[in-house]
Amino acid sequence: MRALLRRVARAPGGRRGKWFVLAAWLIAAVALGPLAGRLGDVEDSGANAFLPHGAESARVNTELERFRTDTLMPAVVVHSGAGAPAQAAADRPVLARYAAEGEEVSPPVPSEDGDALMTVVPLDSEDDITAKIDELRDQVGANAPPGVDVVVGGPAGSLTDQVAVFDSLDSTLMIATGLVVAVLLLITYRSPVLWLLPLLSVGFAAVLTQVCTYLLARYAGLPVDPQSAGVLMVLVFGVGTDYALLLIARYREELHRHADRHEAMRIALVRSGPAVLASAATIAAGLACLGFADINSSRSLGLVGAVGVVCAFLAMVTVLPALLVITGRWVFWPFVPREGTPARPSRTVWSRVGAAVALRPRWSWLMSVAVTGALALSVAGISMGLTQAQMFQDEPESVVAQERISAHYPSGASDPAKIVTATGKADAVRRAAADVEGVARVEPGGDRSPDGTLTLLSVVLADTPDSERAEDTVDTLRDAVHGVAGADALVGGTTAQNLDTQRAAGRDLTTVVPIVLLVVLAVLVWLLRALVAPVLLLATVVLSYLAALGASNLLFEHLLGFAGVDWSIPLMGFVFLVALGIDYNIFLMHRVREETARLGHTRGVLEGLTSTGGVITSAGVVLAATFAVFAGLPLVTMAQMGVLVGIGVLLDTFLVRTVLVPALALDLGRWFWWPGRLFHRGTGDEVPYTGAESAPAPERV
């Protein structure tokens, strides 16, 4: 591995190679740049993009392709107030202009209490639904007379409100993430120029990521949805900046030992390369494990995220070293590293922390476990699941419309369940559905597929489509219609989709989590050449995840006022935090292993902590801040993801990596490295640790 890294390091760290590397990236960015802007062309926002693969509700959506109604998406216009009847009649010609070709707008349906009227407008789903809903709201909502309230909801209105979130997601996240990273790099380096190089390198990585994702989606079937595309750029910025901080810190350290900056860079790449490679492999492999998930959006996020991590790794070990070597030492101004000067002060914050932990290591790790364990207890009180109204931090118009419908009509009137059945058994299925408790009515008639073999029935539920009672009704409804022999009936619709997603989330958690743990463990065993250390490191990250989930739940419940936790959060949070959390342990333990081989176990652990303390803390703060950008988004799921990952990364940075892991290593002594080579070497701790160990001898590459 070291020999391979030496050969690879000659390109970005060489006198001529640096120019070839920079030129190659510039040519690639110019040539492939236009493809980066086409990622939206391959995003799948269809009916099954966020559903479990093979779920009954997804099969219904597939069968609906055989019906004319599959190209229709209803918008529901609700008039309420004293002048509602007259205004609904006046608005009907306006609504008719938006109906799909060949379709009519049904007469307004008055509520039983006489306080509201509901009009269903069938829109053509092949048109720009969101543009039509925006126009419709302007036409009938903004111009409503005093005393009349008009809102537009239904499936088309809900889709428009969700798309509005994702439309601004990419630009909002890119701007916010770029500003956060720029500010933190300025604070970290205190240099007016140096911070530009990591940001520029991340920009190259972002272009490469978007191009690769587009090409893989277009020609290899990589699933991409608006959520995964939005998270992708934040992940690239966060991970790329982490690698930049680690590489620059090691490069600056070598500049204090070598007069030739090219040699310093080659050595920095050789020594930090295994840690960066192991980190990228761990995160990419961990995210790729989501490919085993049933939920399509989870698979998309994992596979797309893995592509982003690989691209960030490639950029950070090629173009960033080339830029650093080209600009020279002056880029660190005003803190320019000079050959022969100390790489750091003799006593630092991290050397003091290490010395304190070394005094009472067992007490230190026991207290760390107690703190994280106390936070983890809050996991037991998590309320899982969010309704459609609870998915937004504000209250979009589609949610208001559903509230009006629930107040004046059967709650499921705006979004009925769908039953697809064999036409010959349609009457029997209709009778079975009508007898189910919780079904308000089965709509008369029923659409037939063009070949006449299938019939589509609409079933109005008595409860709000995303409520638990409606989900119970769907369960009973499925049992009833499945019992009709020869009908091959399937139940779909919004309620069925929510139910299928919740159950798939539980299955995915029990399937993906063990795979992720095994993959991460394998990478750690390869990196550390031991077994005890990897198992302990993995255990600390899992404990940190549970603590972060518990702490996040306390914030969701008592500070942010969220009604619950979305079903996707535990699995997404686990994969991100285990992959990203182990990242910092890899940075720490790779350096600890290097120093242990040179100084002995105790001094090696403390020297590794001292050497990496500043850079890992900076990396953790940057990564947590980039994910914290999600907390300001209007979609609750994204906000919860940002809070959970941010808290988890900070716990890993300031408690797990700083206290818990070093304390465990010191308490176990050489057994920490069992059964590897370092275990058999003994402790080698006859020389006390001072916090200012001698630098390793200069290495020629």
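An account of the accompanying structure is given in this report. The structure presented is a predicted model; accordingly, all values stated were derived computationally and were not measured.

### A look at the overall build of the protein
Thought 1: Helix and strand content of the protein: 23 helices and 9 strands.
Thought 2: In terms of C-alpha radius of gyration, the protein reaches 29 Å, essentially the compact-globule figure of 27 Å for 701 residues.
Thought 3: For the protein, the residues scored as buried account for 56% of the 701 residues in total.
Thought 4: Of the contacts formed within the protein by residues at least 6 apart in sequence, a portion of 81% connects residues at least 24 apart.
Thought 5: When the accessible surface of the protein is summed, it comes to about 27700 Å², and 60% of that surface belongs to carbon and sulfur atoms.
Thought 6: Distance from the positive charge centre (52 side chains) to the negative charge centre (66 side chains) of the protein: 19 Å.

### A short note on the sheet that holds strand β2 (residues 109-110)
Thought 1: Ordered in space as β2-β3-β1-β4, the 4 strands form an open sheet in which the pairing is antiparallel. One side of each edge strand has no neighbouring strand; the edge strands of this open sheet are β2 and β4 (148-153).
Thought 2: Both strand β1 (residues 72-81) and β4 contribute to a ladder of 6 bridges, which runs antiparallel. The residue of β4 that forms the bridge with histidine 79 is valine 150.
Thought 3: Packed onto the sheet, helix α5 (residues 129-141) meets β1, β3 (116-124) and β4 and runs at close to 175° relative to β4.

### Notes on helix α22 (residues 636-668)
Thought 1: Along α22, the sharpest change in direction is near 50° and occurs at valine 656.
Thought 2: For α22, a buried count of 29 out of 33 residues is recorded, marking the element as mostly surrounded by other parts of the structure.
Thought 3: Positive backbone phi, approximately 65°, marks glycine 669, located one or two places after α22.

### Overview of the pattern of salt bridges
Opposite charge on two side chains permits pairing when their charged atoms draw close.
Thought 1: Applying the stated rule across the entire model yields 19 salt bridges.
Thought 2: Here arginine 478 makes a salt bridge to aspartate 500, at a shortest N to O gap of 2.9 Å. Taken as a pair, arginine 478 in helix α17 (residues 468-482) and aspartate 500 in helix α18 (residues 494-528) lie far apart in primary sequence, 22 residues in all.
Thought 3: Residue class for arginine 478 comes out buried when judged on its relative accessible area of 6%.

### Looking at unusual backbone geometry
Thought 1: For the bond from tryptophan 333 to proline 334, the omega torsion is 10°, close enough to zero to count as cis.
Thought 2: Structurally, proline 334 is set in the loop between α12 (319-327) and α13 (349-359).
Thought 3: For the bond running from tryptophan 674 to proline 675, omega is 0°, close enough to zero to count as cis.
Thought 4: Structurally, proline 675 can be placed in the loop between α22 and α23 (677-680).
Thought 5: Phi at aspartate 488 takes a positive value of approximately 50°, unusual for a residue other than glycine.

### Some details on the packing of helix α8 (residues 196-220) against helix α11 (residues 296-316)
For any two helices packed against each other, one specifies the crossing angle of their axes together with the interaxial distance.
Thought 1: Viewed as axis vectors pointing N to C, α8 and α11 meet at an angle of 140°, and their least axial separation amounts to 8 Å. One finds that α8 runs oblique with respect to α11. Handedness of the crossing formed by α8 with α11: right-handed. Taken together, the residues of α11 that come into contact with α8 (itself represented by Pro198, Ser201, Val202, Ala205, Leu208, Thr209, Cys212, Thr213 and Leu216) are Val304, Val307, Gly308, Cys311, Ala312, Ala315 and Met316.
Thought 2: Here the residues of the contact of α8 with α11 are counted per class, giving 12 nonpolar, 4 polar and no charged.

### Quick notes on the nonpolar core
Thought 1: The biggest cluster of nonpolar side chains holds 153 residues, and the ones touching the most others in it are Tyr243, Tyr251, Phe576, Leu580, Met589, Phe627 and Trp673.
Thought 2: Examining the composition of this core, we find that 19 residues originate from one element, α22, more than from any other.
Thought 3: Those residues in contact with phenylalanine 627 that sit more than four places away from it in its chain are Val234, Leu235, Phe576, Leu580, Gly642, Val645 and Gly646.

### A few points about a negative patch on the surface
Thought 1: Judged by side-chain charge, Asp128, Asp134, Glu135 and Asp138 come together as a negatively charged surface patch.
Thought 2: On the secondary structure map, aspartate 134 appears in helix α5.
Thought 3: Since its relative accessible area comes to 40%, aspartate 134 is described here as partly exposed.

### Details of the packing of helix α20 (residues 569-599) against helix α21 (residues 601-628)
Thought 1: Remark: α20 packs on α21, axes separated minimally by 7 Å, with the N-to-C direction vectors making an angle of 155°. Taken as axis vectors, α20 and α21 run roughly antiparallel relative to one another. The hand of the α20/α21 crossing is right-handed.
Thought 2: Considering only residue class, the contact of α20 with α21 consists of 13 nonpolar, 7 polar and 4 charged.

### Observations concerning α5
Residues spaced three or four apart along an α-helix face the same direction, because each turn holds 3.6 residues.
Thought 1: The end-to-end C-alpha separation of α5 is 17 Å, in line with the 18 Å expected for 13 residues at 1.5 Å each.
Thought 2: Regarding α5, the residues found buried are Ile129, Thr130, Lys132, Ile133, Leu136, Arg137 and Val140. Along the axis of α5, the buried residues cluster in a sector spanning 155°; they form a single face.

### A short note on the environment of leucine 609
Thought 1: Position of leucine 609 relative to the elements: it lies in helix α21.
Thought 2: Among residues more than four places away in sequence, those in contact with leucine 609 are Trp350, Val353, Gly354, Leu588, Val592, Arg657, Thr658 and Pro662.

### Overview of the packing of aromatic side chains
Thought 1: In the structure shown here, the tally under the stated rule is 9 aromatic pairs.
Thought 2: Pairwise contacts between aromatic rings join Tyr243, Tyr584 and Phe587 into one cluster.
Thought 3: The ring of tryptophan 350 is capped by arginine 657, whose NZ or CZ atom sits 5.2 Å from the centre of that ring.
Thought 4: In this structure, arginine 670 is placed above the aromatic ring of phenylalanine 679, and the distance from its NZ or CZ to the ring centre is 4.5 Å.

### Some words on the environment of glycine 308
Thought 1: Turning to its location among the elements, glycine 308 is positioned in helix α11.
Thought 2: With 102 residues separating them along the chain, glycine 308 and alanine 206 place their C-alpha atoms 7.8 Å apart.
Thought 3: Apart from residues no more than four positions distant in its own chain, glycine 308 is found in contact with Thr209, Leu232 and Val236.

### Things to note about the environment of serine 383
Thought 1: Along the chain, serine 383 turns up in the loop between α14 (361-376) and α15 (397-408).
Thought 2: With 105 residues separating them along the chain, serine 383 and alanine 278 place their C-alpha atoms 36 Å apart.

### Notes on the pairing of strand β8 (residues 454-461)
Thought 1: Most of β8 sits inside the fold, with 8 of its 8 residues counted as buried.
Thought 2: Here β8 shows two buried faces, one formed by Leu454, Leu456, Ser458 and Val460 and the other by Thr455, Leu457, Val459 and Leu461.
Thought 3: In this sheet, β8 lies alongside strand β5 (residues 417-422) in antiparallel orientation, the contact comprising 6 bridges. For threonine 421, the partnering residue across the bridge sits in β8 and is threonine 455.

### Comments concerning the side chain of aspartate 652
Thought 1: Positionally, aspartate 652 belongs in helix α22.
Thought 2: Within the buried core, aspartate 652 has no salt-bridge partner, and the shortest N-O distance to an opposite charge, that of arginine 657, equals 8.8 Å.

### Let's talk about the side chain of glutamate 595
Thought 1: With respect to the secondary-structure elements, glutamate 595 resides in helix α20.
Thought 2: On the basis of relative accessibility, which here comes to 1%, the residue glutamate 595 falls in the buried class.
Thought 3: Beyond its immediate sequence surroundings of up to four residues, glutamate 595 is in contact with Gly600, Gly604, Glu607 and Gly608.

Conventions and cut-offs
Residues numbered from 1 in each chain as written. Predicted model: local features only at pLDDT ≥ 70, side-chain atom pairs only at ≥ 80, totals over all residues. Heavy atoms only, no water. Helix = DSSP H or I, 4+ residues; strand = E, 2+ residues; numbered from the N terminus. Rg over C-alpha atoms; globule rule 2.2 N^0.38 Å. Buried < 20%, exposed > 50% of the residue type's maximum accessible area, 1.4 Å probe, protein only. Contact = heavy atoms within 4.5 Å. Areas by Shrake-Rupley, 256 points an atom, 1.4 Å probe, with all protein chains shown as cover. Lys, Arg positive; Asp, Glu negative; His and termini not counted. Charge placed at Lys NZ, Arg CZ, Asp CG, Glu CD. Pairing = 2+ DSSP bridges. Axes fitted to C-alpha atoms, helices over the stretch in contact; angles between N-to-C directions. Bend = angle between axes of the 7 residues up to and from the residue. Salt bridge = Lys/Arg side-chain N within 4 Å of Asp/Glu carboxyl O. Parallel < 35°, antiparallel > 145°, perpendicular 65-115°, else oblique. Left-handed = near helix turned anticlockwise from the far one by under 90°. Nonpolar A, V, L, I, M, F, W, Y, C, P; charged D, E, K, R; others polar. Core = buried A, V, L, I, M, F, W, Y, C linked by side-chain atoms within 4.5 Å. Patch = residues over 30% accessible without salt bridge, like charges linked within 9 Å, V, L, I, M, F, W, Y side chains within 5 Å. Expected span 1.5 Å × (residues − 1). Arc of directions from axis to C-beta. Phe/Tyr/Trp six-rings, centres within 6.5 Å; stacked < 30°, edge-to-face > 60°. Lys NZ or Arg CZ within 6 Å of the ring centre and 35° of its normal.

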